[in-house]
Amino acid sequence: WHQGFLLDEFARRKVTVHFYHQPSSELERYIKGYIAQEAMRKEKERMRLGKIYKAMDGRVTAVRAAYGYDLSDPKDTHYVINEEEAAIVRTIYNFLTVEHKSLYQIADILNNWQVPGRRGGRWAPGSLLNMVKNEVYKGWYITNRLTYEVTNYDENGKKKRKWRKRPEDEWIRVPVPAIVSEEQWQEAQAVLQRNRNYSTRNAGEFSNWLLSGLVECEICHYDYRAARG
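Everything numeric in this text was worked out from a predicted model, so none of it was measured.

A.B. asks: It is not clear to me how the overall build of the protein chain should be interpreted in this structure. Could you clarify?
C.D. replies: When helices and strands are counted, the protein chain shows 6 helices and 8 strands. Per-residue burial over the protein chain gives 29% buried out of 229 residues. Excluding contacts between residues fewer than 6 apart, the proportion of contacts in the protein chain whose partners are at least 24 apart in sequence is 49%. About 16600 Å² of surface is accessible on the protein chain, with carbon and sulfur atoms providing 54% of the total.

And the structure:
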């Protein structure tokens, strides 16, 4: 279908398309296109299953290592700690759990220290949040956690994807060397939750409400916070 659509667009713009093997009919072109599409689908599924089997064998499936780690080998992939980056990871957790600094403050400190972030960029609160929440730092690399569906295409023809979590029993956990302890990782999650409860960034004129973030629903335990409508 996509090939036929493109051919129609080319013809409308008076562009002549030359095939390496010119199909003798539209039916032949359609059949060859379908076979190629089906082969691509099977190849993607084969690669997905290959990653699952690799993870079940206790190997990391990441193409690029998480900050604080290096990949041991291009094929027999395991995480090994990058001590220089791991020291920064521990500093981030200590700033959060011991010195009770916010993610914005931590990002400012690291940037002022001129510590290169992942891929050499600057540190941002969002990237720090993802790092602190990542279970890899307490010793678990998790794969097969997310899947996506194509919802639409943008004006450039790029797929718009909607990511969603798979059921937790489908996740595959691979043990890796821990950079922080389980206890400190859990404390960091509690600090993030407390910071979210007490945050007044979106409260506007209601930022002085004393019980904002401290009252929760008895049924679903959702925290009530004052915010602008």
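A.B. asks: Explain the packing of helix α3 (residues 83-97) against helix α4 (residues 103-112) to me, please; I cannot follow it from the model alone.
C.D. replies: Two measures define how a pair of helices packs: the angle their axes make with one another and the distance between the axes. Put simply, α3 and α4 touch, their axes get as near as 10 Å, and they point 140° apart. Viewed along their axes, α3 and α4 adopt a mutual orientation that is oblique. Along this stretch, α3 crosses α4, giving a crossing that reads as right-handed. Contact with α3, carried on its side by Ile88, Ile92, Phe95 and Leu96, involves Leu103, Ile106, Ile109 and Leu110 of α4 and no other residues of that element. Residue composition of the contact of α3 with α4, grouped by class: 8 nonpolar, no polar and no charged.

A.B. asks: Looking at this model, I keep getting lost on the environment of leucine 146. Mind explaining?
C.D. replies: Relative to the assigned elements, leucine 146 resides in strand β4 (residues 146-153). Each C-alpha atom, one on leucine 146 and one on tryptophan 171, is 8.7 Å from the other, the two residues being 25 residues apart in sequence. With residues up to four places along the chain from it excluded, the contact list for leucine 146 reads Trp163, Arg164, Lys165 and Arg166.

A.B. asks: Where do I start with the nonpolar core in this structure?
C.D. replies: Proteins that are soluble and globular tend to have nonpolar side chains buried together. Tyr69, Tyr79, Ile92, Trp123 and Tyr137 are the most contacted members of the largest nonpolar core, which totals 37 residues. Every element with two or more residues in this core is listed here: α2 (26-56), α3, α4, α5 (125-133), β6 (172-175) and α6 (182-198). For this core, the element with the highest residue contribution is α3, accounting for 7 residues. Residue contacts for tryptophan 123: discarding those within four places in its chain leaves Tyr67, Ile88, Ile92, Ala107, Leu110, Asn111, Val115, Pro116, Gly117, Leu128 and Met131.

Each value, and the rule that gives it
- Residues numbered from 1 in each chain as written.
- Predicted model: local features only at pLDDT ≥ 70, side-chain atom pairs only at ≥ 80, totals over all residues.
- Heavy atoms only, no water.
- Helix = DSSP H or I, 4+ residues; strand = E, 2+ residues; numbered from the N terminus.
- Buried < 20%, exposed > 50% of the residue type's maximum accessible area, 1.4 Å probe, protein only.
- Contact = heavy atoms within 4.5 Å.
- Areas by Shrake-Rupley, 256 points an atom, 1.4 Å probe, with all protein chains shown as cover.
- Axes fitted to C-alpha atoms, helices over the stretch in contact; angles between N-to-C directions.
- Parallel < 35°, antiparallel > 145°, perpendicular 65-115°, else oblique.
- Left-handed = near helix turned anticlockwise from the far one by under 90°.
- Nonpolar A, V, L, I, M, F, W, Y, C, P; charged D, E, K, R; others polar.
- Core = buried A, V, L, I, M, F, W, Y, C linked by side-chain atoms within 4.5 Å.

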